[in-house]
Amino acid sequence: MKALLQGKACLVVLDDVWTDEQVAPFKQLAPPTGATVSLVLTTRSRELGEMFGELQALDPLADELGMRVLASYSGKPEAALRVEGAQALVTQCAGLPVMLRALATMLSSRSVAEVLQLLQTPRQELRLPKVPAVGDYTYRTLFKALEVTLTSLDATMARQCLMLGIFPGDTVVPLDVARSVWGASEGETLECAETLADTHLIELVRQGGALKGLQLLDLHRDYLRCRAKSELPGWHAALLSPPGEERFLPLKEHPYWGEWTGEKHLLHPMHWAPPGP
């Protein structure tokens, strides 16, 4: 890396950092003579941010903006939401857009009173899994909203959504790969992806107007993985099945799929499967 930096001014951005181990190699990087290296990292942990330099905190959304986000994603007039008492929902979201959007999904087909009642449902009744702490925030409201949205889907689509937990967060998953994991037709895959995107359980990624794939926010992925923990190994095995099996999809054009010793196979950022048994 030092050779690449020779004589250059470089800004290194580490996005969504979770542990100091992820930052340490870059912090210890001694640039060669004539090079300038600046390091910027984003994290949900104030403690982690303070460990590596000057902290620039991003404040949560003010209540006024939070109400606008809630209205925008729910498709309901802001004035009507205020009359219904939606300020209580905004307060529960603590100014975090990801939580506001999740509650807005619930609001699109429910009243404010119904959403508040669902959020008061005990965790055990909602089958809410215990998700490890994430940064400086508590996301219980978000995870309750995800569970309610997930259970409102039909059983097949809910299972297909859970299966996406085998992929890394913030990673574009080609639709062909999702189709392979789901065992669905091209049309069924597109329908499922669009429905999950409409409920904000996933994001659709487009490039030049064409649908490139789908991806999960890291918090959504964490929840799905905890919710489907016992089934993840089997789904992962299906994704990484050897050549010749129905679910094997060689896709060289995508960064996580390629060739090894001349044989096509799936390359996954965390797992790999050699050709043959």
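Parameters and conventions
Residues numbered from 1 in each chain as written. Predicted model: local features only at pLDDT ≥ 70, side-chain atom pairs only at ≥ 80, totals over all residues. Heavy atoms only, no water. Axes fitted to C-alpha atoms, helices over the stretch in contact; angles between N-to-C directions. Helix = DSSP H or I, 4+ residues; strand = E, 2+ residues; numbered from the N terminus. Parallel < 35°, antiparallel > 145°, perpendicular 65-115°, else oblique. Left-handed = near helix turned anticlockwise from the far one by under 90°. Contact = heavy atoms within 4.5 Å. Nonpolar A, V, L, I, M, F, W, Y, C, P; charged D, E, K, R; others polar. Patch = residues over 30% accessible without salt bridge, like charges linked within 9 Å, V, L, I, M, F, W, Y side chains within 5 Å. Areas by Shrake-Rupley, 256 points an atom, 1.4 Å probe, with all protein chains shown as cover. Salt bridge = Lys/Arg side-chain N within 4 Å of Asp/Glu carboxyl O. Buried < 20%, exposed > 50% of the residue type's maximum accessible area, 1.4 Å probe, protein only. Pairing = 2+ DSSP bridges. pLDDT = per-residue confidence, 0-100. Phe/Tyr/Trp six-rings, centres within 6.5 Å; stacked < 30°, edge-to-face > 60°. Lys NZ or Arg CZ within 6 Å of the ring centre and 35° of its normal. Arc of directions from axis to C-beta.

## What to know about the packing of helix H4 (residues 63–74) against helix H7 (residues 97–107)
Then, number 1: Two numbers describe how H4 lies on H7: the axes approach to 8 Å, and their chain directions differ by 45°. Classed by the angle they form, the pair H4 and H7 counts as oblique. Here H4 runs over H7; the crossing is right-handed. The segment H4 lies against H7, with Gly66, Val69, Leu70, Tyr73 and Ser74 engaging Leu100, Arg101, Leu103, Ala104 and Leu107.
Then, number 2: Grouping the amino acids of the contact of H4 with H7 by side-chain chemistry returns seven nonpolar, two polar and one charged.

## Description of a nonpolar patch on the surface
Then, number 1: There is a patch of nonpolar side chains on the surface, built from Met1, Phe26 and Leu39 and spanning about 260 Å² of accessible area.
Then, number 2: Here Phe26 shows up in helix H2 (residues 20–27).

## Observations regarding the environment of Ser152
Then, number 1: Tracing the backbone shows Ser152 in the loop between helix H9 (140–151) and helix H10 (155–163).
Then, number 2: Judged by its relative accessible area of 49%, Ser152 falls in the partly exposed class.
Then, number 3: For the pair Ser152 and Met106, spaced 46 residues apart in sequence, the C-alpha separation works out to 9.7 Å.

## Quick look at helix H11 (residues 175–182)
Then, number 1: Most of H11 sits out of view: six of its eight residues are buried.
Then, number 2: All of the buried residues along H11 are Leu175, Val177, Ala178, Ser180, Val181 and Trp182.
Then, number 3: Immediately beyond the C-terminal end of H11, within one or two residues, lies Gly183, with a positive phi of roughly 65°.

## What about the pairing of strand S4 (residues 203–207)?
Then, number 1: Across five bridges, S4 lies against strand S5 (residues 210–215) in antiparallel orientation. The residue bridging Arg206 from the neighbouring strand is Leu211, located in S5.
Then, number 2: Adjacent in sequence and paired antiparallel, S4 and S5 are bridged by two residues, among which Gly208 carries a positive phi angle near 60°.

## Details of the confidence of the model for the protein
Then, number 1: Put simply, the protein has an average pLDDT of 79, and 78% of its residues get 70 or more.
Then, number 2: Counting interchain partners and residues more than four positions distant, the pLDDT-below-50 stretch residues 242–277 has 67 contacts.

## A look at the packing of aromatic side chains
Then, number 1: Taken as a whole and assessed by the stated rule, the structure comprises one aromatic pair.
Then, number 2: On the numbers, 5.5 Å between centres and 15° between planes, the contact of Phe143 with Tyr223 is stacked. With a gap of 80 residues between them, Phe143 in helix H9 and Tyr223 in helix H13 (residues 218–227) connect regions that are remote in the sequence. Here Phe143 and Tyr223 have matching classes, each one buried.
Then, number 3: If you follow Arg101 out to its NZ or CZ, it ends over the ring of Tyr73, 5.9 Å from the centre.

## Looking at helix H8 (residues 112–119)
Then, number 1: For H8, the full list of buried residues reads Val112, Val115, Leu116 and Leu119. Along the axis of H8, the buried positions cluster into a sector of 100°, meaning they face one direction only. Seen from the open side of H8, the exposed residues pointing more than 90 degrees away from its buried face are Ala113 and Gln117.
Then, number 2: Buried residues along H8 sit in contact with helix H5 (78–84), helix H6 (87–92), H7 and H9.

## Details of the sheet that holds S5
Then, number 1: Within the open sheet, the three strands sit side by side as S3-S5-S4. Their pairing is antiparallel. Two strands close off the open sheet at either side, each with one partner strand: strand S3 (173–174) and S4.
Then, number 2: As paired strands, S3 and S5 are joined by two bridges and run antiparallel to one another. Residue pairing across strands places Val173 opposite Leu214, the latter belonging to S5.

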